[in-house]
Each structure stands twice: as structure tokens, then as C-alpha cells.
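Each chain, letter by letter, is given below.
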Amino acid sequence: MNRDTTALFDLTGRTALVTGASSGIGAAIATALDGAGARVLRAGRDRARLGPDGISADLAHGAAGVIAQADARADAVDILVNCAGSNPRPPLGDIDDVLYREILAVNLDAPFQLGQHYGPRMAARGWGRIINVASTQAHRAFGNSGAYGVAKAGIAGLTRSQSEAWAPSGVTANSLTPGLVATPMTTAVLADPERAEYFRRRAHTATLGAPSDFAAAAVFLAGPGSAFVTGQNLCVDGGLSVT
Ligand SMILES: NC(=O)c1ccc[n+]([C@@H]2O[C@H](COP(=O)([O-])OP(=O)(O)OC[C@H]3O[C@@H](n4cnc5c(N)ncnc54)[C@H](OP(=O)(O)O)[C@@H]3O)[C@@H](O)[C@H]2O)c1
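Read on for an overview of the structure. (Residues numbered from 1 in each chain as written. Predicted model: local features only at pLDDT ≥ 70, side-chain atom pairs only at ≥ 80, totals over all residues. Heavy atoms only, no water.)

On the basis of which strands lie adjacent, the open sheet formed by seven strands has the order β3-β2-β1-β4-β5-β6-β7 and parallel pairing. Because the sheet does not close on itself, it has two edges, and the strands there are β3 (55-56) and β7 (233-236). Helix α2 (residues 24-35) contacts β1 (15-19), β2 (39-44), β4 (79-82) and β6 (171-178) of the sheet and is inclined by roughly 165° relative to β2. (Pairing = 2+ DSSP bridges. Helix = DSSP H or I, 4+ residues; strand = E, 2+ residues; numbered from the N terminus. Contact = heavy atoms within 4.5 Å. Axes fitted to C-alpha atoms, helices over the stretch in contact; angles between N-to-C directions.)

For the ligand, the set of nearby residues contains 32 residues, the closest of which are S22, S23, D58, Y148 and T183. One nitrogen or oxygen atom from the main chain of G20 is found 3.1 Å from an oxygen atom belonging to the ligand. Between an oxygen atom of the ligand and a side-chain N or O atom of R45, the distance comes to 2.7 Å. Among the detected pockets, the ligand sits in the largest pocket. When contributions to the shell around the ligand are tallied by element, the ones reaching two or more residues are α2 and α6 (146-166). For the shell around the ligand, the residue count by class is 16 nonpolar, eleven polar and five charged. (Near = heavy atom within 4 Å. Polar contact = N/O pair within 3.5 Å; in protein donor to acceptor, adjacent residues only side chain to side chain. 1 Å grid on protein atoms, 1.4 Å probe; cavity = no way out; pocket = protein on both sides within 12 Å on 5 of 7 lines; lining within 4 Å. Sits in = over half its atoms within 2 Å of the grid points. Nonpolar A, V, L, I, M, F, W, Y, C, P; charged D, E, K, R; others polar.)

If you walk through the whole model with that rule in mind, you get seven salt bridges. Its salt-bridge partner being D53, residue R73 comes within 3.3 Å of it at the nearest N-O pair. Linking R73 in helix α4 (residues 64-73) with D53 in the loop between α3 (47-50) and β3, this pair joins segments that are 20 residues apart in sequence. Overall, the relative accessible area of 24% leaves R73 in the partly exposed class. Among the ionic contacts, a cluster of salt bridges with common partners joins R39, D53 and R73. (Salt bridge = Lys/Arg side-chain N within 4 Å of Asp/Glu carboxyl O. Buried < 20%, exposed > 50% of the residue type's maximum accessible area, 1.4 Å probe, protein only.)

Right, let's talk about helix α5 (residues 97-125) for a bit. Taking 1.5 Å as the rise per residue, α5 with 29 residues should run 42 Å; its terminal C-alpha atoms sit 39 Å apart, in good agreement. The sharpest bend along α5 comes to roughly 50°, located at A105. Of the residues flanking the end of α5, it is G126, one or two places downstream, whose phi is positive at about 80°. (Expected span 1.5 Å × (residues − 1). Bend = angle between axes of the 7 residues up to and from the residue.)

Take the side chain of R129 next. Within the secondary structure layout, R129 lies in strand β5 (residues 128-133). Summary of buried charges: R129 has no salt-bridge partner, and the nearest side chain of opposite charge, D78, is 9.7 Å away. (Lys, Arg positive; Asp, Glu negative; His and termini not counted.)

This structure, assessed with the given rule, holds one aromatic pair. Taken together, a centroid distance of 5.2 Å and an interplanar angle of 70° make the contact between Y198 and F199 edge-to-face. Sitting above the plane of the W127 ring, R14 keeps its charged end 3.6 Å from the centroid. (Phe/Tyr/Trp six-rings, centres within 6.5 Å; stacked < 30°, edge-to-face > 60°. Lys NZ or Arg CZ within 6 Å of the ring centre and 35° of its normal.)

Okay, here's the thing in C-alpha cells:
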């Protein structure tokens, strides 16, 4: 690759904050951004899987803990990746107010709060990237969408609003929508061989996704080359959303 092309994806000198970095898709995105030259602040709950400089906080209690720890480690965050998510999958009728609030807190409130903190700061510096991880369940039910689908539909709206607010100041906001990806979140779904086969067959690729499938998409959306791509949703799903 020549130098001009390499520069489109070069994150040298940038700092990224990745939530959900202790596992699955978030861990793969954190590794990819690191590989592209960014300093990566990894957030999750499980300190052991985050490494020595990890940020451990429970987003069910709000994003203030992540923000305080990230700001103590870095002067600025240039790239925000909201990848933490939880999907307990009870049928909608079994979701009470407490569980509803918890699911919304992790999947939608935290991306909102982190965006409210970092978006204006990125805009003031004239450069930033926000990447929100959505879900096909924002638009289409499978496996008890419940409050999780509500939150992920909110992510679609949040992404557009963030783009509208800060893109004039050099900050793009986009979402990534995974298909069915083998991670701890989907272990229960994939434990049923018929269900796993159903999702495999429905994807155009006839495969499930792997966390590593998100590496290139994340580097693209985080990099200088995607400056004119904003308010968009990129499906990394093997074609699942168009079957
Ligand atoms: N896998 C799929 O098929 C699929 C499909 C559509 C969308 N997604 C989305 O992709 C994203 C990543 O999911 P994944 O499949 O990679 O799942 P995963 O392997 O289970 O990872 C989930 C991550 O979210 C973090 N997290 C969960 N609850 C949290 C909380 N209360 N506070 C702080 N962090 C919390 C976890 O941290 P700890 O483990 O440290 O607690 C972990 O790092 C999620 O937003 C998910 O909704 C996944």
C-alpha cells in the first residue's frame, strides 16, 4: 500500500475509548484500533480481561465512572466506540421497570452520556469519530427483542442526532450493525444447533460472524479517510439484513 492510501486509515496520535472492550466485538475493535496506531482505553466490567490499564465500571449505573477514569488517563478522546451491550432476552411480558431501566442504561443511556461528554469536546478540537454498535433487532425482531430492541432502535436515532450536531465541526457519527456473531452474548442462542443453522443459512455468506469481521470496518469509520461518511449505518452481517 502506498503512503497516501495508508494515511487514510492511520490513527497515529489519536486516543480511542472503547466500551465493551473486555469481550467479543469490542475487544476485536480495540485491537484493530491499536493496530492502526491509536492509543486505546479499554472499558468493561471484568478488569482481568481488560489488562492493567483497563477501565472497569458498570454502565448500568451510568457512564460517569468510565468518563472519570478515561479523563484521568488521557487529555482527550478522539474516537469513541460505544460497543458495550447486554441482552438478557426475557420475553417482553416478563420485563419489569427495573430490568427495562437496566437494559436501557447499558445499551442506550451510556452511549448518550458518553456522546454528550465527548462529542462537544471533539467538536471544539475540530475532529472526532463516534461509532455506536447497533443491532438488526433495531428494525427486526428475533430472539426476544424486548427492551434490547427498543434500546438499539434508539441507537439509530442517537447516531443521526450526533451526526447532525457535530459533523459541521469535523466529528462523524456512524453505527455498525452486526449480524449474528459468535460471542459470549450469543452463546445461549448458538447452543441450539437448529437456531445456529437457521442464522447461518439466512446470511448470504452462509456463515456466522466473528468479532474479527469488525476490525476493518471500525478502522475505516475511525480513520481520516471516512470524513465524509456520517449519520450512516454499516451492516457487517454477511447479508443477514437483506435476506
Ligand atoms: N454478537 C452478536 O451477534 C451481536 C448482534 C448484534 C449486536 N451486537 C452488539 O455488539 C456489541 C458487543 O456485543 P458482543 O457480542 O461482543 O458481546 P459480549 O462478548 O458479551 O461483550 C459485551 C461487552 O459489553 C460489556 N458490558 C455488558 N454489560 C455491561 C455493563 N453493565 N457495564 C459495562 N460493560 C458492560 C461486557 O463487559 P464485561 O464482560 O467486562 O462485563 C463486554 O465487554 C453489543 O452492543 C451488542 O449488543 C452483538
